[in-house]
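Chain by chain, the residues run as shown.
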Amino acid sequence: MSRLMDFYRSPMAKKMVMAVSGVMLFGFVVGHMLGNAKMYLGEHAFNEYAEGLRSLGEPFVPHGQLLWVARIGLLVAVLLHIWSAWQLTLLNRRARPVSYAKKKTTQATYASRTMRWGGVIILAFVIYHLMHLTFGSVHPNFDATNPFHNVVSGFQNVWVSLFYIVANIALAFHLYHGLWSMFQSLGLDHPSYKGLRRPFAALFATLVTVGNISFPLAVLAGVVKLS
Amino acid sequence: MKVTLNVWRQEGPHREGRMVRYENVDVDPHMSFLEMLDQLNERLILQGEEAIAFDHDCREGICGACGVMIDGQAHGPLPETTTCQLHMRQFKDGDEIHIEPWRAGAFPVVKDLVVDRSAFDRVIQAGGFISVNTGSAPDANLVPVEKKIADSAMDAATCIGCGACVAQCPNGAAQLFTSAKVAHLGMLPQGQPERWGRAAGMVGQMEEESFGSCTNFTECEAVCPKGISVDFIAQMNRDFLKAKLRSS
Ligand code: HEM
Ligand code: FES
């Protein structure tokens, strides 16, 4: 443990922690999007999936327990990701104490330059999203027994849908740079796949985002509706 | 042609500095950027003012001594070109040009455009060497080196340590420099005995200095006068991780 803490003191190690926790969150985001796509199969399929998450691991573990293990794992990943990002951001501010009177950007992508604020938008969204569809505290007619109802009636509000869409576009940029950056940070650049790293990042950022954005759009268009 | 220059003037390390405007600077399009500064300095000396201090040595693009921010870009607008190899024909009559020193916590300003880059020297001392027996030179081809590796090591070895990467990086990070130095020796057979100590040592020293942390903007690569690729950064990260795993 003290060895691990010693390792974490190094900014390079913090970056690796950011990359590994980011990959865990990426895995979650992909699974989350695919699970939500069940709403296209109707109310029953969607609610069954939501219930399935709670009965995961039964009968070996009690109802709802494995879901909590996953939630704690995700929470730890989020905290590590943000903590390392915060510490490295402070370090980077200190490393340029006097700024340039004139500064040009040469080839840094828009995505790379918006990682920090993009991250803050995503964090705000995640908090809102949990209060909206997990706890229901900001949902006008939340029904804990019917997730499908909560999603559809929630997205019928244009402003709510719009916020979901904007936040997921921010996530797209974050994922695009994050995924590519992860390969660099972890030293994964074997010639056999080196050229595929950017296309991979672009493809997965696009897939996740198109999937996620399609849900509010489908509700607004009346493709997915309450029965 | 005539240009207007805005130059950072600072009398010493702990003094306040400011941008000073020099209007109507006469230049010949064939002059190098440094000759243009030389000429301005002659004018300043005749006027009884202090000449602008700037670093330079070889003036042929190989020593890495020169290097200033020109309009917000390290070494100016031309790719793979040091400040000394930049010519005034790249600018137009009437242009307004901003000239600033490298800005980094690890590179404190000594005077005007001159910064102290000894942080780089300390990174080199922490592992930028190989151990060889003394005596007469061994046969050149005694140790075979695969062509691909020789080429790649040579690409890394072209780093002249000018510091443009740190200057351009929005984080003031030294990853491109350090990775070029780690990779250049770490890839060759002669560099194997010290490979892991080198990666851990040089990265460790880099982190001791006031450099920032890489966020893979790749700005460094764009301004490197030798076109060194950020691929070496991934290589260094891998060697650093392996070195840490080995030592634990
Ligand atoms: C679903 C949520 C998220 C996922 C999947 C994710 C994924 C990633 C990945 C894979 C990286 C790359 C690490 C590397 O550079 O090696 C990254 C970087 C980063 N993330 Fe996230 N992240 C998420 C949420 C957040 C949040 C909520 C914040 C913060 C407030 C944040 C802030 C950052 C920052 C500052 C970086 C560094 C970017 C850089 O290299 O400049 N992320 N993220
Ligand atoms: S003066 Fe030597 S590289 Fe420019």
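Values in this document were obtained by computation on a predicted structure and should not be read as measured data. (Residues numbered from 1 in each chain as written. Chains lettered and ligands numbered in written order. Predicted model: local features only at pLDDT ≥ 70, side-chain atom pairs only at ≥ 80, totals over all residues. Heavy atoms only, no water.)

## Points about the overall build of chain B
In terms of helices and strands, chain B carries 8 helices and 7 strands. Taken along its principal axes, the extent of the C-alpha atoms in chain B is 60 × 35 × 35 Å. Counting all 248 residues of chain B, 52% fall into the buried class. Contacts spanning at least 24 positions in sequence make up 67% of the contacts within chain B whose residues lie at least 6 apart. (Helix = DSSP H or I, 4+ residues; strand = E, 2+ residues; numbered from the N terminus. Buried < 20%, exposed > 50% of the residue type's maximum accessible area, 1.4 Å probe, protein only. Contact = heavy atoms within 4.5 Å.)

## Focus: the coordination of the iron atom of ligand 1
All names here are of chain A. Around the iron atom of ligand 1, the protein contributes the donor atoms His 81 (NE2) and His 174 (NE2), at 2.0 to 2.1 Å from the metal centre. Taken together, the 6 donor atoms coordinating the iron atom of ligand 1 and their angles of 81 to 179° define a geometry best described as octahedral. You can see His 81 sitting in helix α4 (residues 65-94) and its partner His 174 sitting in helix α8 (residues 158-185), a full 93 residues away along the chain. According to the relative accessible area criterion, His 174 is buried, its value standing at 17%. (Donors = N, O, S within 2.8 Å, 3.2 Å for Na, K, Ca; no water. Tetrahedral: all angles 85-135°; square planar, octahedral: opposite > 155°, others 65-115°.)

## A short note on the nonpolar core
The biggest cluster of nonpolar side chains holds 60 residues, and the ones touching the most others in it are Trp 102, Phe 107, Phe 120, Val 166, Leu 176, Phe 211 and Ile 228 of chain B. Sequence-distant contacts of Phe 211 of chain B, that is, excluding residues within four places in its chain, are made with Leu 91 and Ala 95 of chain A together with Ala 106, Phe 107, Ala 119, Phe 120, Val 166, Gly 172, Ala 173, Ala 174 and Met 206 of chain B. Core analysis: the next-biggest nonpolar cluster, separate from the first, contains 27 residues, Trp 8, Tyr 22, Ile 97 and Ile 99 of chain B among them. (Core = buried A, V, L, I, M, F, W, Y, C linked by side-chain atoms within 4.5 Å.)

## Considerations on the sheet that holds strand β1 (residues 2-10) of chain B
Hydrogen bonding along the main chain pairs the strands of a sheet, whether they run parallel or antiparallel. Residue and element names in this part refer to chain B. Ordered in space as β2-β1-β5-β3-β4, the 5 strands form an open sheet in which the pairing is mixed. Both outer strands of the open sheet, β2 (17-26) and β4 (73-74), are each paired with one neighbouring strand and no more. The pairing of strand β3 (residues 69-70) with strand β5 (residues 96-100) spans 2 bridges and is antiparallel. Across the sheet, the residue bridging to Met 69 is Glu 100, located in β5. Along the sheet, helix α1 (residues 33-46) makes contact with β1, β2, β3 and β5, crossing β2 at roughly 95°. (Pairing = 2+ DSSP bridges. Axes fitted to C-alpha atoms, helices over the stretch in contact; angles between N-to-C directions.)

## Looking at the domain arrangement of chain B
In many reports, interface size means the accessible area that the parts give up when they come together. Residue and element names in this part refer to chain B. As far as domains go, chain B holds domain 1 (2-100) and domain 2 (118-247). Each of domain 1 and domain 2 was reduced to a C-alpha centroid, and the two centroids are 30 Å apart. If you look at the interface, domain 1 gives 13 residues, while domain 2 gives 11 residues. Buried area between domain 1 and domain 2, summed over both chains or domains, comes out near 830 Å², and the portion from carbon and sulfur atoms is 55%. Here domain 1 and domain 2 share 0 salt bridges between them. Summed over the shared surface of domain 1 and domain 2, the number is 2 residue pairs in polar contact (both at pLDDT 80 or more). (Domains from an automatic or database assignment. Buried area = accessible area lost by both parts, 1.4 Å probe. Salt bridge = Lys/Arg side-chain N within 4 Å of Asp/Glu carboxyl O. Polar contact = N/O pair within 3.5 Å; in protein donor to acceptor, adjacent residues only side chain to side chain.)

## Re the pattern of salt bridges
Applying the stated criterion across every chain yields a total of 18 salt bridges over all chains. Connected through shared salt-bridge partners, Arg 21, Glu 23 and Glu 96 of chain B make up one network.

## Brief notes about the side chain of His 98 of chain B
Structurally, His 98 of chain B is set in strand β5. His 98 of chain B has contacts with Lys 102 of chain A together with Asn 6, Met 19, Met 69, Ile 70 and Asp 71 of chain B, leaving out every residue within four places of it along the chain.

## Let's talk about the confidence of the model for chain B
In this model, chain B carries an average pLDDT of 96, and 100% of its residues clear a pLDDT of 70 or more. Across the interface, the model reports ipTM at 0.93; the global pTM reads 0.91. (pLDDT = per-residue confidence, 0-100.)

## Some words on the site of ligand 1
All names here are of chain A. The environment of ligand 1 is made up of 23 residues, and the closest members are Lys 15, His 81, His 174, Ser 181 and Ser 185. Within the contact set of ligand 1, a nitrogen atom lies 2.7 Å away from a side-chain nitrogen or oxygen of His 81. Ser 185 is positioned with one of its side-chain polar atoms (N or O) 2.7 Å from an oxygen atom of ligand 1. Looking at the shell around ligand 1 residue by residue, the class counts come to 12 nonpolar, 9 polar and 2 charged. (Near = heavy atom within 4 Å. Nonpolar A, V, L, I, M, F, W, Y, C, P; charged D, E, K, R; others polar.)

## Re helix α6 (residues 195-208) of chain B
Residues spaced three or four apart along an α-helix face the same direction, because each turn holds 3.6 residues. Its 14 residues place the ends of α6 of chain B 20 Å apart at the C-alpha level, agreeing with the 20 Å of an ideal helix rising 1.5 Å per residue. Buried residues of α6 of chain B: Arg 198, Ala 199, Met 202, Val 203 and Met 206 of chain B, and no others. One side of α6 of chain B carries all its buried residues, which in axial view fall inside an arc of 110°. Facing away from the buried surface of α6 of chain B by more than 90 degrees, the exposed residues are Gly 197 and Glu 208 of chain B. Structurally, α6 of chain B contributes buried residues whose contacts are with α2 (11-36) of chain A together with α2 (118-125), α5 (175-186) and α8 (231-247) of chain B. (Expected span 1.5 Å × (residues − 1). Arc of directions from axis to C-beta.)

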